[in-house]
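Listed below are the residues making up each chain.
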Amino acid sequence: MKYFFIALTLLLSEAAFGQTKRPVWTPQEREALIEGLQSSQNDLLREAQDLTQNQIRFKPDSASWSVAEVVEHLAIYDELLYWDLLNKQYSPEMPEWVDKVKGLDSIMIAYTDDPVKLKAPFIAQPLGRFPNGKDVLGYFNRYRNELIKLIGETDTDFRMHFVFRSKDAGVWRVRDLHQYTLLWIAHTQRHTNQVRRVKAHHNFPK
């Protein structure tokens, strides 16, 4: 009986510790994601929301995307990110991976200005599904706003849950949810710069 009470005390102590453990993901990091999502959203809207139909559908050449296609591409990725984050909240915490991905934040952020151009995967290629600029921007805003809400309200520790990709994905193979979201903030900023280049083209409609 003595050993039973000792074991019970240890179990209760461990449970109490588990309930009061400090999260790895800090409030400051949560706010940084919210601010990054909001500011990159606002930057894109400033560049795209007041364009005419001719302007938002203008292509510099046959191989380039229009502003409408860029926004649709971003909206597709925001939708994918939303569902990834929503579902990963229910995955097991994996503290053994926390130290292994330290230092990747800056790599995610640097994607904004990465000179290497990557081809969008099949699932994220724009299809021209929206008849006007207002609709495609509405699609983007819908999921961006839901992302901001999810990150503001979640009880999930974004440093303890991870996304995994194939072994040939290099630095993108394993990231925590904070880093995963940082990448898509950088992705939005990267494509906002692309929108600016489209608008600066000498044939862009006036």
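Reading the values: rules and limits
- Residues numbered from 1 in each chain as written.
- Predicted model: local features only at pLDDT ≥ 70, side-chain atom pairs only at ≥ 80, totals over all residues.
- Heavy atoms only, no water.
- Salt bridge = Lys/Arg side-chain N within 4 Å of Asp/Glu carboxyl O.
- Helix = DSSP H or I, 4+ residues; strand = E, 2+ residues; numbered from the N terminus.
- Buried < 20%, exposed > 50% of the residue type's maximum accessible area, 1.4 Å probe, protein only.
- Phe/Tyr/Trp six-rings, centres within 6.5 Å; stacked < 30°, edge-to-face > 60°.
- Lys NZ or Arg CZ within 6 Å of the ring centre and 35° of its normal.
- Axes fitted to C-alpha atoms, helices over the stretch in contact; angles between N-to-C directions.
- Parallel < 35°, antiparallel > 145°, perpendicular 65-115°, else oblique.
- Contact = heavy atoms within 4.5 Å.
- Nonpolar A, V, L, I, M, F, W, Y, C, P; charged D, E, K, R; others polar.
- Core = buried A, V, L, I, M, F, W, Y, C linked by side-chain atoms within 4.5 Å.
- Left-handed = near helix turned anticlockwise from the far one by under 90°.

The subject of this paragraph is the pattern of salt bridges. According to the stated counting rule, one finds 11 salt bridges in the structure shown. Arg196 is paired through a salt bridge with Glu47; the nearest N and O atoms lie 3.1 Å apart. Separated by 149 residues along the polypeptide, Arg196 in helix α7 (residues 177-199) and Glu47 in helix α2 (residues 27-48) bring together distant segments of the chain. Residue Arg196 is classed as partly exposed on the basis of its relative accessible area of 35%.

Evaluated as defined, the whole model comprises 11 aromatic pairs. Both rings, one in Tyr77 and one in Trp184, keep their centres 4.4 Å apart while their planes meet at 20°; by these two values the pair is stacked. Here the residue Tyr77 occupies a position in helix α4 (residues 67-88), and Trp184 occupies one in helix α7, the gap between them amounting to 107 residues. Given a relative accessible area of 11%, Trp184 falls into the buried group. Note on Trp97 and Phe164: the rings are 5.5 Å apart at their centroids and 75° apart in plane angle, and the pair reads as edge-to-face. Of this pair, Trp97 sits in the loop between α4 and α5 (105-110) while Phe164 sits in strand β1 (residues 162-164), placing them 67 residues apart in sequence. Given a relative accessible area of 18%, Trp97 falls into the buried group. Cation over ring: Lys100 sits above Trp97, and NZ or CZ is 4.4 Å from the ring centre. Just above the ring of Tyr111 sits the side chain of Arg190; from NZ or CZ to the centre is 4.4 Å.

Turning to the packing of α4 against α7, a few remarks are in order. Running from N to C, α4 and α7 cross one another at 175°; their axes reach a closest spacing of 10 Å. One element, α4, and the other, α7, form an angle in the roughly antiparallel class. For the pair α4 and α7, contact is made by Val67, Val70, His73, Leu74, Tyr77, Leu81, Asp84, Leu85 and Lys88 and by Leu177, Tyr180, Thr181, Trp184, His187, Thr188, His191, Gln194, Val195 and Val198, respectively. Across the contact of α4 with α7, the residue classes tally to 11 nonpolar, six polar and two charged.

What follows concerns the nonpolar core. In this structure, Leu33, Val67, Val71, Leu85, Ile151 and Phe158 are the most contacted members of the largest nonpolar core, which totals 45 residues. Listing elements by their share of this core, those giving two or more residues are α2, α4, α6 (133-153) and α7. When residues of this core are assigned to their parent elements, the largest contribution, 11 residues, is made by α4. Ignoring anything within four residues of it in the chain, the contact list for Phe158 reads Trp25, Leu33, Leu85, Leu150, Ile151, Asp176, Leu177, His178 and Thr181. Trp97, Val98, Leu104 and Met160 belong to the second-largest nonpolar core, a separate cluster that totals seven residues.

The next thing to look at is the side chain of His187. Turning to its location among the elements, His187 is positioned in helix α7. Taking the relative accessible area as the measure of exposure, His187 reaches 4% and is therefore buried. Apart from residues lying up to four places away in sequence, His187 is in contact with His73, Leu74, Tyr77 and Tyr111.

Moving on to the packing of α2 against α7. Viewed as axis vectors pointing N to C, α2 and α7 meet at an angle of 15°, and their least axial separation amounts to 10 Å. Our classification of the angle between α2 and α7 gives roughly parallel. Relative to α7, the crossing made by α2 is left-handed. The residues of α7 that touch α2, namely those facing Glu29, Leu33, Gly36, Leu37, Ser40, Asp43, Leu44 and Glu47, are His178, Thr181, Leu182, Ile185, Thr188, Gln189, Thr192, Val195, Arg196 and Lys199.

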